[in-house]
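Given next are the chains, with one letter for each unit.
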Amino acid sequence: MQNKGILYVLSAPSGCGKGTILSEVLKNFKNIHYSVSATTRSPRDGELNGINYYFITREEFESEISNGGMFEYAEFCGNYYGTPKAKVMEKLDAGIDVILEIETIGAMKVKQAYPDAVLIFILPPNVEALKQRLIGRGTEALDVIERRVGEAASEIEKSYNYDYVLVNDNLIDAIEGLETIMKSCKYMTKFNSNTIKGVLN
Ligand code: ADP
Ligand code: 5GP
């Protein structure tokens, strides 16, 4: 019997580079499912429904919450964001690892509901670099950027509750850091109980 999949939770202040890092890391990890979140925010240029997010209305989101369809959810800068539950559970049960890219309130809810989740926080080199990255990305207006940067300090404070932290200063090093964490998790005893049972049989 195979082991259950590992649930990874990746957080970072907006603009820190988690999307950039994750898209590189996912190219090198095959047996992993990236959980597509639902959100009430509007799509950015180039974002596709069902690929980047499920873009839904507040009414639809609230109805998913009442139906118990969200594994976790939070409001961030005026919009709902949440993880659809069914797919995550289905993949973990099938032995496939799952990665959630979510903010800190949602991450703490996951930790409570699913204590075996591996929580990883990506830090910026400093808050000014974060602001410059958001400006450079060019996807948000300046007032939205200010709001997101304003959330950064309180999000970084929550990194103490995570299992791992890594700094995204040099992108190559950060990619390597995340890959190293994920590779080492594969060898943790608690994720290999069926491997041990299989050897004993
Ligand atoms: P997030 O997903 O955390 O909001 P993104 O991955 O969209 O952040 O990255 C925000 C911006 O910062 C992007 O324009 C990206 O190219 C840039 N970026 C990411 N990592 C670095 C880095 N190490 N150095 C400089 N710029 C970076
Ligand atoms: P963005 O608008 O930049 O795509 O995302 C804003 C923030 O919402 C980011 O910190 C991102 O990680 C977080 N986020 C995305 N999806 C989810 C989710 O399903 N749940 C929670 N709690 N946060 C999410």
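Remember, it's a predicted structure, so these values are computed and weren't measured experimentally. (Residues numbered from 1 in each chain as written. Chains lettered and ligands numbered in written order. Predicted model: local features only at pLDDT ≥ 70, side-chain atom pairs only at ≥ 80, totals over all residues. Heavy atoms only, no water.)

**Observations concerning the site of ligand 1**
For step 1, the next point in the chain: Contacts to ligand 1 come from 13 residues, most closely from Gly-15, Thr-20, Arg-137, Asn-168 and Asp-169.
For step 2, the next point in the chain: Side-chain polar atom of Asn-168 to a nitrogen atom of ligand 1: 2.8 Å apart, as the coordinates give it.
For step 3, the next point in the chain: Burial of ligand 1 by the surrounding chains reaches 72%, relative to a free accessible area of 560 Å².
For step 4, the next point in the chain: Ranked by the residues each element gives to the shell around ligand 1, the list is headed by helix α1 (residues 18–28), at three residues.
For step 5, the next point in the chain: Classifying every residue of the shell around ligand 1 gives three nonpolar, six polar and four charged. (Near = heavy atom within 4 Å. Polar contact = N/O pair within 3.5 Å; in protein donor to acceptor, adjacent residues only side chain to side chain. Areas by Shrake-Rupley, 256 points an atom, 1.4 Å probe, with all protein chains shown as cover. Helix = DSSP H or I, 4+ residues; strand = E, 2+ residues; numbered from the N terminus. Nonpolar A, V, L, I, M, F, W, Y, C, P; charged D, E, K, R; others polar.)

**A few points about the layout of surface pockets**
Where empty space is left becomes clear once a probe the size of a water molecule has been rolled over the atoms.
For step 1, the next point in the chain: Quantified by volume, the largest pocket comes out at close to 850 Å³.
For step 2, the next point in the chain: Considering the residues around the largest pocket, the lining is formed by 35 residues, among which Lys-18, Gly-19, Arg-44, Tyr-53 and Glu-101 are closest to the centre.
For step 3, the next point in the chain: Secondary structure elements with two or more residues in the lining of the largest pocket: α1, β5 (70–76), β6 (79–84), α5 (127–137) and α6 (142–157).
For step 4, the next point in the chain: Considering each element in turn, the lining of the largest pocket owes the most residues, six residues, to α1.
For step 5, the next point in the chain: Taken together, the residues of the lining of the largest pocket break down into 13 nonpolar, 11 polar and 11 charged. (1 Å grid on protein atoms, 1.4 Å probe; cavity = no way out; pocket = protein on both sides within 12 Å on 5 of 7 lines; lining within 4 Å. Points joined across faces, edges and corners; volume = space filled by probe spheres on them.)

**A short note on the side chain of Glu-140**
For step 1, the next point in the chain: Mapped onto the elements of the fold, Glu-140 is located in the loop between α5 and α6.
For step 2, the next point in the chain: Polar contacts involving the side chain of Glu-140 include one to the side chain of Arg-44, which spans 2.7 Å.
For step 3, the next point in the chain: Polar side-chain contacts of Glu-140 include one of 2.6 Å to the side chain of Thr-139.
For step 4, the next point in the chain: Those residues within four positions of Glu-140 in sequence are excluded, and the remaining contacts are Arg-44, Leu-134, Ile-145 and Arg-148. (Contact = heavy atoms within 4.5 Å.)

**Things to note about the packing of aromatic side chains**
For step 1, the next point in the chain: Inspection of the entire model under this criterion finds seven aromatic pairs.
For step 2, the next point in the chain: The interplanar angle of 5° and the centroid separation of 4.7 Å between the aromatic rings of Phe-61 and Tyr-80 together place this pair among those described as stacked. Taken together, the positions of Phe-61 in helix α2 (residues 58–66) and Tyr-80 in strand β6 put the pair 19 residues apart, joining distant regions of the chain.
For step 3, the next point in the chain: Judged by relative accessible area, which is 0%, Phe-61 ranks as buried. (Phe/Tyr/Trp six-rings, centres within 6.5 Å; stacked < 30°, edge-to-face > 60°. Buried < 20%, exposed > 50% of the residue type's maximum accessible area, 1.4 Å probe, protein only.)

**Quick look at the site of ligand 2**
For step 1, the next point in the chain: Surveying the vicinity of ligand 2 reveals 16 residues, the closest of which are Arg-41, Tyr-53, Tyr-81, Glu-103 and Arg-148.
For step 2, the next point in the chain: A distance of 2.5 Å separates an oxygen atom of ligand 2 from a polar atom in the side chain of Tyr-53.
For step 3, the next point in the chain: Within the contact set of ligand 2, a nitrogen atom lies 2.6 Å away from a side-chain nitrogen or oxygen of Glu-103.
For step 4, the next point in the chain: Starting from 510 Å² of accessible surface for ligand 2 in isolation, the protein chains cover 96%.
For step 5, the next point in the chain: Structurally, ligand 2 is housed in the largest pocket.
For step 6, the next point in the chain: Secondary structure elements with two or more residues in the shell around ligand 2: β5 and β6.
For step 7, the next point in the chain: A class-by-class count of the residues in the shell around ligand 2 yields five nonpolar, four polar and seven charged. (Sits in = over half its atoms within 2 Å of the grid points.)

**A look at the pairing of strand β8 (residues 118–123)**
For step 1, the next point in the chain: Among the six residues in β8, six count as buried, and that is most of the element.
For step 2, the next point in the chain: Neither face of β8 is left uncovered, since the one carrying Val-118, Ile-120 and Ile-122 and the one carrying Leu-119, Phe-121 and Leu-123 both have all their residues buried.
For step 3, the next point in the chain: Bridging between β8 and strand β9 (residues 164–167) involves four bridges; their strand directions are parallel. Within β9, the position partnered with Leu-123 by the bridge is Val-167. (Pairing = 2+ DSSP bridges.)

**So, the pairing of strand β7 (residues 97–101)**
For step 1, the next point in the chain: For β7, a buried count of four out of five residues is recorded, marking the element as mostly surrounded by other parts of the structure.
For step 2, the next point in the chain: The pairing of strand β1 (residues 7–11) with β7 spans four bridges and is classified as parallel. Counted as the bridge partner of Leu-10 is Glu-101 from β7.
For step 3, the next point in the chain: The pairing of strand β2 (residues 32–34) with β7 spans three bridges and is parallel. Following the sheet pairing, His-33 is matched in β7 by Val-98.

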